Amino acid sequence: MKKIILAIIVFQLIACGELQQVVNQLPQGTTGGTLDVAAGLREALNMGIDKQVSKLTLEDGFLKNELVKILLPEELRKVDKTLRDVGLSKLADEGLKVLNRAAEDAVGEATPIFVNAIKGITFNDAKGILLGSDDAATQYLVSATQTALYAKFNPVIQNSFEKVGADKIWNNLITKYNNIPLTKNVNPDLTDYVTQEALKGVYTMIAIEEKEIRTKVSSRTTDLLRKVFVLQD
């Protein structure tokens, strides 16, 4: 058994070494059809934004997508349950809806920031991404865009709350909860919470598309994607 495990480890190391060697030998740029790894990674990320992130900007883009639907923060889930237990399910549903609507509004601000980050991918960045995990390109975007996206999302979400009267809805919801006997008063920063959850949702959807392209040949819909990602097959 130990010999089998050792053989597997050796095989994996050899495979990784060969892939690293191939990638290291690739030319930087495209000349007469020569492979450009950075361009392939940029195309894959742009596809993730076009196909997946754009869905989040639609009505119910968050609310009806179980992968990214924004639930109440942990300390407020008891609010939701208690309100439903006492017959106030409609109010609780409305509270959830406005959180997700705010996220949908904010995601429309993401594309220009992503585009700039994707343009900045270098050949060396691309080599590391190609040799990385199934979400390595997504993680690159997280490091390159998270701070800027938070700064964009936060005021949009705050404005969205005000636009749809979310502040009044939540004041009403929390006031009713706080008036229920034997409950502990709560007052979370919902704007920050929804901003963070919206960011998670965006990166989740990009990671889905990246994994599809990495693992399914049928998802590589252009010659460039096929040429680049065949290296890691």
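Residues numbered from 1 in each chain as written. Predicted model: local features only at pLDDT ≥ 70, side-chain atom pairs only at ≥ 80, totals over all residues. Heavy atoms only, no water.

1. Some thoughts on the overall build of the protein chain
And step 1. Scanning the protein chain from N- to C-terminus turns up 10 helices and zero strands.
And step 2. Working note: accessible area of the protein chain is about 12,600 Å², and carbon and sulfur atoms make up 55% of it. (Helix = DSSP H or I, 4+ residues; strand = E, 2+ residues; numbered from the N terminus. Areas by Shrake-Rupley, 256 points an atom, 1.4 Å probe, with all protein chains shown as cover.)

2. Description of the confidence of the model for the protein chain
And step 1. Put simply, the protein chain has an average pLDDT of 79, and 82% of its residues get 70 or more.
And step 2. When the criterion is pLDDT under 50, residues 1-34 qualifies, and its contacts beyond four places in sequence or with other chains add up to 24 contacts. (pLDDT = per-residue confidence, 0-100. Contact = heavy atoms within 4.5 Å.)

3. Considerations on the packing of aromatic side chains
And step 1. Here the structure, examined in full by the defined rule, presents one aromatic pair.
And step 2. Judged by centre distance (6.2 Å) and plane angle (75°), the rings of F114 and Y203 are edge-to-face. Here Y203 lies in helix α9 (residues 190-215) and F114 lies in helix α5 (residues 111-119), a separation of 89 residues in the sequence.
And step 3. The exposure class of F114 is buried, given its relative accessible area of 0%.
And step 4. For Y203, a relative accessible area of 8% gives the class buried. (Phe/Tyr/Trp six-rings, centres within 6.5 Å; stacked < 30°, edge-to-face > 60°. Buried < 20%, exposed > 50% of the residue type's maximum accessible area, 1.4 Å probe, protein only.)

4. Quick look at the nonpolar core
And step 1. By size, the foremost hydrophobic cluster in this structure holds 65 residues, and its most contacted members are L41, F114, F153, W170 and V194.
And step 2. For F153, the residues in contact, after removing those within four places along its chain, are A106, V107, A110, T195, A198, L199 and V202. (Core = buried A, V, L, I, M, F, W, Y, C linked by side-chain atoms within 4.5 Å.)

5. Points about the environment of E197
And step 1. Inspection of the secondary structure puts E197 in helix α9.
And step 2. With near-sequence residues (within four places) excluded, E197 lies in contact with F62 and I70.

6. Some details on the pattern of salt bridges
And step 1. Enumeration according to the criterion identifies 12 salt bridges in this entry.
And step 2. A salt bridge links R226 to D223; the nearest nitrogen and oxygen atoms lie 2.6 Å apart. Residue R226 and its partner D223 are located together in helix α10 (residues 223-229), separated by three residues, close to a single helical turn.
And step 3. Residue classification places D223 among the exposed positions, given a relative accessible area of 52%.
And step 4. When salt bridges with common partners are traced through the structure, they connect E59, D60, K64, R101 and E104 into a single cluster. (Salt bridge = Lys/Arg side-chain N within 4 Å of Asp/Glu carboxyl O.)

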